[in-house]
Amino acid sequence: MVDQEDTIFHKIIKKEIPSKMIYEDEDVYAFKDINPCAPFHCLVIPKNMQGLSSLSKANESHLDILGKLMLAVSKIAAQEKLEKGFRTVINTGEEGGQTVDYIHIHIIAGRNLSWPPG
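Predicted model only: the values in this text are computed from it and were never measured.

(A) Broad picture of the pairing of strand β1 (residues 21-24). Bridge analysis of β1 against strand β2 (residues 28-32) gives three bridges, and the strand direction is antiparallel. Within the sheet, the bridge partner assigned to E24 lies in β2 and is Y29. Here β1 folds back onto β2, and the loop between the two strands holds three residues.

(B) Representation of the packing of aromatic side chains within the structure. Taken as a whole, this structure holds three aromatic pairs when the rule is applied. Judged by centre distance (5.6 Å) and plane angle (85 degrees), the rings of F9 and Y102 are edge-to-face. Of this pair, F9 sits in helix α1 (residues 8-13) while Y102 sits in the loop between β4 (86-89) and β5 (105-109), and the two are 93 residues apart along the sequence. Accessibility assignment for this pair places F9 and Y102 in one class, buried. Cluster of aromatic residues (ring-pair linked, three or more members): F9, Y29, F31 and Y102.

(C) Just the pattern of salt bridges, in detail. Throughout the structure, instances matching the rule amount to four salt bridges. The closest approach of N and O atoms between K68 and D27, which form a salt bridge, is 3.0 Å. With K68 in helix α2 (residues 63-79) and D27 in the loop between β1 and β2, the pair connects residues that are 41 residues apart, well separated along the chain. Salt bridges sharing common partners tie together D27, D64 and K68.

(D) Representation of unusual backbone geometry. The residue after W115, namely P116, is reached through a cis peptide bond having omega 0 degrees. Position of P116 among the secondary structure elements: in the segment after β5. Even without glycine at this site, K15 takes up a positive phi of about 65 degrees. Within the fold, K15 resides in the loop between α1 and β1. For Q50, which is not glycine, the phi dihedral falls at a positive 55 degrees. Tracing the chain through its elements places Q50 in the loop between β3 (40-46) and α2.

Cut-offs applied
Residues numbered from 1 in each chain as written. Predicted model: local features only at pLDDT ≥ 70, side-chain atom pairs only at ≥ 80, totals over all residues. Heavy atoms only, no water. Pairing = 2+ DSSP bridges. Helix = DSSP H or I, 4+ residues; strand = E, 2+ residues; numbered from the N terminus. Phe/Tyr/Trp six-rings, centres within 6.5 Å; stacked < 30°, edge-to-face > 60°. Buried < 20%, exposed > 50% of the residue type's maximum accessible area, 1.4 Å probe, protein only. Salt bridge = Lys/Arg side-chain N within 4 Å of Asp/Glu carboxyl O.

As structure tokens, this is what we get:
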């Protein structure tokens, strides 16, 4: 596992790695995915992950940041005019497709999304 303070998302938050910002507030940062799987694909991350590397690690102390992430998704959907629909994805663990040990939400939109995914 990567050091909790040395993921690519930590480096993006610190501006050590460039990103194309979509949304930002005091607690949340969202940016375009560098390998999009749809016309619109962004990642939503907390600026302070509070030790929350994966959704499976969430506990009651994370309620505030989880709520802020979900509210940011709603704001981004309105900002980006995703009224036709979008998908939110939180990959969790290796078999769930999580590749960065830092809680994050994918917002995917801009085409018909089939079910089941992957």
